[in-house]
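Survey of secondary and tertiary structure
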Amino acid sequence: MRKEDTVKLISAEGFEFVIDKKAAMVSQTIRNMLTSPGSFAETQHGEVTFPEISTVILEKICQYFYWSLQYASGKETEFHIEPELTLELMMAANYLHT
Amino acid sequence: MRREKKRFRENYPNMSAMYIRVKRSKTTYFLQCDPTETILDIKQKLHPLIDQPANDQRLTLVETGEVLDDSKTLADQKVENDAVVALTLRKGCVL
């Protein structure tokens, strides 16, 4: 895997998640951040910080990205969400257009 | 829905069957992989991301605490989709 094909998402607490660019592109918001014209730092370094998203939620979101790619390629499993995460997860999903 | 799936499959023809989460200190690497790949393959995938050669890396399956063997495959050692694997590095290699 080449470094250029990955992006780093950083949570409010500073934890980093390195994921495939195509997985991150499941989120319309991240897609826009990474592909918008002009030389933004996000596009160049492939790093996006989310000061409003906690680590637990951000990890869940990354898992969702991969799940969604697997689902779309024909593997029909369920995506498990802990009830206590739902509210925060929905707010993050709304922000990320996921 | 069906048509959407088909279109997706055309866009991403080689989506791997599984991924694992490799964690070290504050960083998590999501790696796409296949159950038939060996641990050495995984370490080689990590190499460009962490700038550490495969033989300086050690991977431990967090669930069981087992140290993963280079020559064995993921399936052999029961590393499943979404598994968490801890990464440690040989002493002297500062990340």
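Residues numbered from 1 in each chain as written. Chains lettered and ligands numbered in written order. Predicted model: local features only at pLDDT ≥ 70, side-chain atom pairs only at ≥ 80, totals over all residues.

The name an unreviewed UniProt entry assigns to chain A is Elongin-C, from the organism Rhododendron griersonianum. In the Pathway (unreviewed entry) part of its UniProt record, chain A is described as follows: "Protein modification; protein ubiquitination." (UniProt positions renumbered as here; feature names shortened; annotations may be inferred.)

This part takes up the interface of chain A and chain B. Taken together, the 22 residues of chain A in the interface contact 16 residues of chain B. Contributions of two or more residues to the side of chain A that touches chain B are made by β2 (16-20), α1 (21-24) and α4 (55-72) of chain A. Top element by residues in the side of chain A that touches chain B is α4(A). It accounts for seven residues. Here three bridges tie β2(A) to strand β2 (residues 27-33) of chain B, and the two strands are oriented parallel to one another. When the bridges of β2(B) are listed, F17(A) appears paired with T28(B). (Contact = placed C-beta atoms within 7 Å. Helix = DSSP H or I, 4+ residues; strand = E, 2+ residues; numbered from the N terminus. Pairing = 2+ DSSP bridges.)

All names here are of chain A. With their axes 10 Å apart at the nearest point, α4 and helix α5 (residues 86-96) run at an angle of 60° to one another. Judged by the angle between their axes, α4 and α5 are oblique. As α4 runs across α5, the sense of the crossing is right-handed. Here I57, K60 and I61 of α4 come into contact with α5, specifically with E88, L89, A92 and L96. When grouped by side-chain class, the residues that make up the contact of α4 with α5 number five nonpolar, no polar and two charged. (Axes fitted to C-alpha atoms, helices over the stretch in contact; angles between N-to-C directions. Parallel < 35°, antiparallel > 145°, perpendicular 65-115°, else oblique. Left-handed = near helix turned anticlockwise from the far one by under 90°. Nonpolar A, V, L, I, M, F, W, Y, C, P; charged D, E, K, R; others polar.)

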